[in-house]
Amino acid sequence: MIVSWNTTNLCNMFCEHCYREAGAKADDELNTEEGKRLLEQIARAGFKIMIFSGGEPLMRTDIVELVTHAASLGLRPVFGTNGTLITLEMAERLKQAGAMGMGISLDSLDAEKHDQLRKYQGAWQQAVQGMKNCHAVGLPFQIHTTAMEWNEGEIEAITDFAVELGAVAHHIFFLVPTGRAVEIEEEALRVDKYERLLQRILTKQQQVKIELKPTCAPQFVRMAKQRGMNLRFQRGCLAGISYCIISPRGLVQPCAYLNLPVGYVREQPFDEIWQTSPVLQRLRTQDYGGKCGGCHYITACGGCRARAAFYHEGDYMAEDEWCRYPGGRLPVE
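Read on for an overview of the structure. Note that the coordinates shown come from a computational prediction; the quantities given were computed from them, not determined experimentally.

## So, the packing of helix α3 (residues 88-97) against helix α5 (residues 123-137)
Link 1 in the chain: Across the interface, α3 lies against α5 with an axial gap of 9 Å and an inter-helix angle of 50°. Taken together, the axes of α3 and α5 lie oblique to each other. As for how α3 packs across α5, the hand of that crossing is right-handed. Residue-level contacts link L88, A91, E92 and K95 of α3 to N133, C134, A136 and V137 of α5.
Link 2 in the chain: Taken together, the residues of the contact of α3 with α5 break down into five nonpolar, one polar and two charged.

## Describing the pattern of salt bridges
Link 1 in the chain: Using the criterion set out here, one finds 16 salt bridges in the structure.
Link 2 in the chain: In this structure, the salt-bridge partner of E65 is K36, at a minimum N-O distance of 2.7 Å. Separated by 29 residues along the polypeptide, E65 in helix α2 (residues 63-72) and K36 in helix α1 (residues 32-44) bring together distant segments of the chain.
Link 3 in the chain: A relative accessible area of 17% places K36 in the buried class.
Link 4 in the chain: Between E211 and R232 there is a salt bridge whose closest N-O contact spans 2.5 Å. Of this pair, E211 sits in strand β7 (residues 211-215) while R232 sits in the loop between α8 (219-227) and β8 (243-246), and the two are 21 residues apart along the sequence.
Link 5 in the chain: Within the structure, one salt-bridge network assembled from shared partners comprises D28, E34 and R266.

Parameters at a glance
- Residues numbered from 1 in each chain as written.
- Predicted model: local features only at pLDDT ≥ 70, side-chain atom pairs only at ≥ 80, totals over all residues.
- Heavy atoms only, no water.
- Axes fitted to C-alpha atoms, helices over the stretch in contact; angles between N-to-C directions.
- Helix = DSSP H or I, 4+ residues; strand = E, 2+ residues; numbered from the N terminus.
- Parallel < 35°, antiparallel > 145°, perpendicular 65-115°, else oblique.
- Left-handed = near helix turned anticlockwise from the far one by under 90°.
- Contact = heavy atoms within 4.5 Å.
- Nonpolar A, V, L, I, M, F, W, Y, C, P; charged D, E, K, R; others polar.
- Salt bridge = Lys/Arg side-chain N within 4 Å of Asp/Glu carboxyl O.
- Buried < 20%, exposed > 50% of the residue type's maximum accessible area, 1.4 Å probe, protein only.

Spelled out as structure tokens, the structure:
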């Protein structure tokens, strides 16, 4: 059970692919006390992994206090961050507060290309320094890369770089058109290249000891099973089933890339929203349309619900066309 809280919309970058369209602080973001109450409701709902993200979560002045509270509730605090604000002192403070891992974005080994994507001079160098600072204090970190047309050829090299720096994992996010990413939809890998990259990642996983995980690419679970690989991931798309996200203002949605509010934590406790939301309950039926609905791998993959919605006029239960699995339907009895 994983939940992500966009703790703020404030960010020191203006990334071209940002699903939250971060930059300026949003009006009426959850304050410290509301944040602590939210964390208590998250724990009550049975979640274990608590992702602090943004915007840039380290721009919240109370972030260490929130991490401390999350850890005290038995949650496992981890981060999604651009890494530029992870000084040696901040890394140590986060570790002492109970942070268990830092996911730091790095989208190219070419610093200029990374900086251009993020509209921030020095982003690459500062992110890498943030990784080194985490490693120095014993705070585990992993690299997050968004795979697109212009950088898909670098993925294995970035994995090697992650190993070199001492990362515990390399998670590869596949671009889903949401937020500002709608403007660069053409950068999303099309089906054939998408499948080939997933196969390359699985091949690379057999060559390195750190964890590699495609995200927003649920077909990788099917491919791993076909290869006989025993990964710890047993389900592709988790949206609404064992994952959801909360906006800076407290709106709950099934995943970061499926912009469909299903509740508001200022009006209803998060744990109640998680249990009673009609949208979340419908997602849990796995009653998908098209080839997803009759696929042999329906429970393992599930198709990307956000991608299905974007390319099917909002129908989040439609088929995910980003799949080359032949004969996906079960035999008709």
